[in-house]
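Architecture at a glance
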Amino acid sequence: MFSQKTRSLAKKTSKPRLAIATAVLSILLGISGQVIGDTIILNDGRIMEGTITREGAKYVKMDTQFGSKSFRRSDIKKIIKESQAGSALQAIETTKDFTALSEIGQVLKNAQALYDLRRFNDIPPLIEPWKGKGTQYDDMRIRWLLIEMHERKGEWDKAEELLKKTLEDGREPDKIRAQAHLDIFEENPDYTLRKIGGKRTKEFLTRDQRNRGKIKNALQDPELMQAALVETLNQLLRNEKVSTAALEKENMIVQETVEVVRAAMNSGEEENQRDRNDNDSRSRRQVKASSVIKELPYLEAMRKVEKSIYEAQAIDARFARGFGLDLVRTEAKHLEEVLRILLTDIANAYPDENSVGIDKKSGRLTSQGREQWREKCDHFLRQCKPVEELIEYMLTRIRAYPKQLKPWIEQWEQTLERIQQMQQNTVRNYDRVRA
């Protein structure tokens, strides 16, 4: 269960906790926008959300916040196709004009305002008549408004009833979010706030908050409930073993990644040698190299971090989005160092006619010189393929954040273009006979 996962992530760390920004505390409790789209549930427990762009017999491709990803059918437990089209929830998040909203959209917008004003008793008669009249997203917004309202009023039985119902029929993110609330209640009898994930509140609350948290029904206070959820998120996202910082320190070792890519550069030597002996020069130019992305040494550890971010995003999407950006930026920094080394390898491998056999009288390549030239071309093209693949992979990751990572996107698009031009020049000159 998620509760067991949460507690397993609550190991103490000697590192000081990063301060919680005031902006985070201002996020509306449980009413923040959720990522809406298709969902892929993998056999290892990861939940991937985004938009499915292609479905094949063996692979499914999805655009996610971490870029485009492909998943083997054999690794997928369940696919849930959903669309936000036509939902009032989508309209609320995309338009500022209240009068342009549908009737149910206006109702949900007004219910949000009533919640903000703490006019909780006015919420049920406004939204309950609309149950089942919108999309499933609208129904879940109604349910979460009611759950939060019951929590603010201290009506715990009613709140828990709706939370447990969500575990039965909610979307996967809603199930994770509901379980997080139930975990907090289970760990704090009488709905006080004394610990989260086994960690005492003295480690993440102020003295005043700790004193208020000892009182029965303290979780009625939205500030304390928010603090409990934020600590849950912190334990998911800043765990000493499953976090971006731990990934960068323990798994993203530049030289290890460089060696993996270099191995891919030099793979398939025998097969490429056979191709060079083929009489069809076009066949010889199809240089083969094994896929390098699936061999990246930090990939498995990164998947665990992505999983924690998806779980955190289900609990509070806006809080977790910054962590998603941080993860992508961290990987991009790592790959940038790796690629700078590999680009030197490519530059050194670029075919040089001065090192091959040339007939000094005619200026033409000798028979041996032509073979040497082609071997150099093959070697260069083989060196380029994994690097090209790595840059394309990095671009799919950073393009998910076009504004924040714009300089990187432009830089590596230009680098990729130059590498591809060098490959085209090499292929064009593959069969040259004159120096």
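The structure displayed is predicted, hence computed values, not measured ones.

For the rest of this paragraph, the subject is the overall build of the protein. When helices and strands are counted, the protein shows 18 helices and seven strands. Residues counted as buried form 49% of the 435 residues belonging to the protein. When the accessible surface of the protein is totalled, it reaches about 21,700 Å², and 47% of it is carbon and sulfur.

The biggest cluster of nonpolar side chains holds 94 residues, and the ones touching the most others in it are Phe 185, Leu 342, Leu 390 and Ile 398. Element by element, the count of residues in this core is highest for helix H16 (residues 317-349), at 13 residues. Apart from the residues lying within four places of it in its own chain, the contact partners of Leu 390 are Val 261, Ile 293, Leu 296, Leu 335, Val 338, Leu 339 and Leu 342. Counting residues in each nonpolar core, the second largest holds nine residues, with Met 48, Ile 52, Met 62 and Tyr 310 among its members.

Before going further, it helps to spend a moment on helix H10 (residues 222-237). Look at H10: 22 Å from first C-alpha to last across 16 residues, which is about the 22 Å you get at 1.5 Å a residue. Counting buried residues in H10 gives 14 out of 16 residues, a clear majority hidden from the surface. Between the side-chain oxygen of the N-cap and the backbone nitrogen of Glu 223 there are 2.9 Å, and the N-cap of H10 in question is Asp 221.

Glancing now at the packing of aromatic side chains. Under the criterion given, the structure shown has five aromatic pairs. Centre to centre, the rings of Trp 156 and Phe 185 are 5.3 Å apart; their planes meet at 70°, and the pair counts as edge-to-face. In this pair, Trp 156 sits in helix H7 (residues 156-169) while Phe 185 sits in helix H8 (residues 172-187), placing the two residues 29 residues apart along the sequence. With respect to class, Trp 156 is no different from Phe 185; both count as buried. Taking 5.5 Å as the distance between ring centres and 75° as the angle between the ring planes, the aromatic pair formed by Phe 185 and Tyr 191 counts as edge-to-face. With respect to class, Phe 185 is no different from Tyr 191; both count as buried.

Right, let's talk about the packing of helix H12 (residues 254-265) against H16 for a bit. Closest axis-to-axis distance for the H12/H16 pair is 9 Å, and the angle between their directions is 45°. Comparing their axes, H16 and H12 come out oblique. The element H12 and its partner H16 pack so that their crossing is right-handed. From H12, Val 254, Thr 257, Val 258, Val 261, Arg 262 and Met 265 reach across to H16, where they touch His 334, Leu 335, Glu 337, Val 338, Ile 341, Leu 342 and Asp 345.

With that settled, consider the sheet that holds strand S2 (residues 47-55). Here we have five strands laid out as an open sheet, ordered S4-S3-S2-S1-S5, and antiparallel in their pairing. Each end of this open sheet is capped by a strand with a single partner; those strands are strand S4 (67-72) and strand S5 (76-80). With strand direction ignored, the average angle separating the axes of adjacent strands in the sheet is 40°. Each of strand S1 (38-42), S2 and S5 is contacted by H8, which is oriented at about 175° to S2, the strand it contacts most. With respect to the sheet, helix H15 (residues 299-315) is in contact with S2, strand S3 (59-64) and S4, its orientation differing from that of S2 by roughly 105°.

Here the focus is unusual backbone geometry. Positive phi is not limited to glycine here, since Asp 190 has a value of about 65°. Assignment of secondary structure puts Asp 190 in the loop between H8 and strand S6 (195-196).

In this section: the pairing of S2. Examined bridge by bridge, S1 and S2 share four bridges and lie antiparallel to one another. Within S2, the position partnered with Thr 39 by the bridge is Glu 49. Hairpin geometry of S2 and S3 is characterised by an intervening segment of three residues between the two adjacent antiparallel strands.

What follows concerns a positive patch on the surface. Residues Arg 194, Arg 200, Lys 202, Arg 207 and Lys 214 make up a contiguous surface patch of positive charge. Within the element layout of this structure, Lys 202 appears in the loop between strand S7 (199-200) and helix H9 (207-213).

Another aspect to go through is H7. For H7, with 14 residues, the first-to-last C-alpha span of 20 Å sits near the 20 Å given by 1.5 Å per residue. Residues of H7 that are buried: Trp 156, Ala 159, Glu 160, Leu 162, Leu 163 and Thr 166. With its buried residues spanning 160° around the axis, H7 presents them on a single face. Along H7, the residues that are exposed and aim more than 90 degrees away from the buried face are Asp 157, Glu 161 and Glu 168. In this structure, the buried side of H7 is in contact with helix H6 (136-153) and H8.

As for its placement among the helices and strands, Thr 244 is situated in helix H11 (residues 244-250). Those residues in contact with Thr 244 that lie beyond four places of it in its chain are Leu 237, Val 305, Phe 323, Asp 326, Leu 327 and Thr 330.

Take the confidence of the model for the protein next. Across the protein, the average pLDDT comes to 81, with 81% of residues at or above 70. For the stretch residues 1-35, pLDDT sits under 50, and the model shows 83 contacts to residues farther than four places along the chain or on other chains. For the stretch residues 279-289, pLDDT sits under 50, and the model shows 31 contacts to residues farther than four places along the chain or on other chains.

A few words on the pattern of salt bridges. For side chains of opposite charge, pairing can occur when their charged atoms come near one another. For the structure shown, the criterion picks out 22 salt bridges. Between Glu 148 and Arg 152 there is a salt bridge, and its shortest N-O distance comes to 3.4 Å. Placement of the pair is Glu 148 and Arg 152 together in helix H6, with a separation of four residues, close to one helical turn. Each member of the pair, Glu 148 together with Arg 152, is buried.

The rules behind the values
Residues numbered from 1 in each chain as written. Predicted model: local features only at pLDDT ≥ 70, side-chain atom pairs only at ≥ 80, totals over all residues. Heavy atoms only, no water. Helix = DSSP H or I, 4+ residues; strand = E, 2+ residues; numbered from the N terminus. Buried < 20%, exposed > 50% of the residue type's maximum accessible area, 1.4 Å probe, protein only. Areas by Shrake-Rupley, 256 points an atom, 1.4 Å probe, with all protein chains shown as cover. Core = buried A, V, L, I, M, F, W, Y, C linked by side-chain atoms within 4.5 Å. Contact = heavy atoms within 4.5 Å. Expected span 1.5 Å × (residues − 1). Polar contact = N/O pair within 3.5 Å; in protein donor to acceptor, adjacent residues only side chain to side chain. Phe/Tyr/Trp six-rings, centres within 6.5 Å; stacked < 30°, edge-to-face > 60°. Axes fitted to C-alpha atoms, helices over the stretch in contact; angles between N-to-C directions. Parallel < 35°, antiparallel > 145°, perpendicular 65-115°, else oblique. Left-handed = near helix turned anticlockwise from the far one by under 90°. Pairing = 2+ DSSP bridges. Patch = residues over 30% accessible without salt bridge, like charges linked within 9 Å, V, L, I, M, F, W, Y side chains within 5 Å. Salt bridge = Lys/Arg side-chain N within 4 Å of Asp/Glu carboxyl O. Lys, Arg positive; Asp, Glu negative; His and termini not counted. Charge placed at Lys NZ, Arg CZ, Asp CG, Glu CD. Arc of directions from axis to C-beta. pLDDT = per-residue confidence, 0-100.

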